[in-house]
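Working through the structure, step by step
As a plain string of letters, each chain reads:
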Amino acid sequence: MPAPSPVSFPNELSCCKDDTKSITSLCDPINIVGKYVEPSKWNDILLDPDVLVIDTRNKYEVELGSFKNAVNPETESFREFPAFLLDQEKSKKKIAMFCTGGIRCEKSTSYVKLHPELSEKFD
């Protein structure tokens, strides 16, 4: 067996970004989050015509595949997501959201719960 490489990711590039413009500065994903849905109930949500299902992932991830009838917010960056959510205020439907790893879901549901104009749609 070969010896492990001292550098796990030789092409890795890291940088720090100012978080003041991101959705994180507009929500509290540690203390305020949405309701978790049991996997056995998810299909019922997808089939409910009174629920707007939103894919919180970015454009590239959505293009790889999504649930049928899920709304693609067409975002290049998650920083664009709050504006998309506020546009949904006009919708009469309840809101359900999903993502792949949970990070975007935690932030987006927290954002919704902190905005009364949206939180009534979020059950």
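Details of the structure are given in the entry above.
In this report, we go over the structure that sits alongside the text. Just so it is clear, the structure is predicted and the values come from calculations on it, not from any experiment.

What counts, and at which threshold
Residues numbered from 1 in each chain as written. Predicted model: local features only at pLDDT ≥ 70, side-chain atom pairs only at ≥ 80, totals over all residues. Heavy atoms only, no water. Phe/Tyr/Trp six-rings, centres within 6.5 Å; stacked < 30°, edge-to-face > 60°. Helix = DSSP H or I, 4+ residues; strand = E, 2+ residues; numbered from the N terminus. Buried < 20%, exposed > 50% of the residue type's maximum accessible area, 1.4 Å probe, protein only.

Once that is clear, we can look at the packing of aromatic side chains. For the structure on display, the rule yields five aromatic pairs. A centroid spacing of 5.6 Å and a plane angle of 65° characterise the contact between W42 and F67, whose relative ring orientation is edge-to-face. Taken together, the positions of W42 in helix α1 (residues 39-47) and F67 in the loop between α2 (59-64) and α3 (81-87) put the pair 25 residues apart, joining distant regions of the chain. Taking relative accessible area as the criterion, F67 reaches 35% and is therefore assigned partly exposed. Ring geometry for F78 against F81: centres 5.3 Å apart, planes inclined by 20°, an arrangement best described as stacked. Here F78 matches F81 in class, with each residue buried. An aromatic cluster of at least three residues, connected via ring pairs, comprises W42, F67 and F98.

Attention now goes to the pairing of strand β1 (residues 51-55). As a general feature of sheets, a regular strand has side chains that alternate between the two faces. By the criterion of burial, β1 is predominantly enclosed, with five of the five residues buried. Of the two faces of β1, the one lined by V51, V53 and D55 and the one lined by L52 and I54 are each fully buried.

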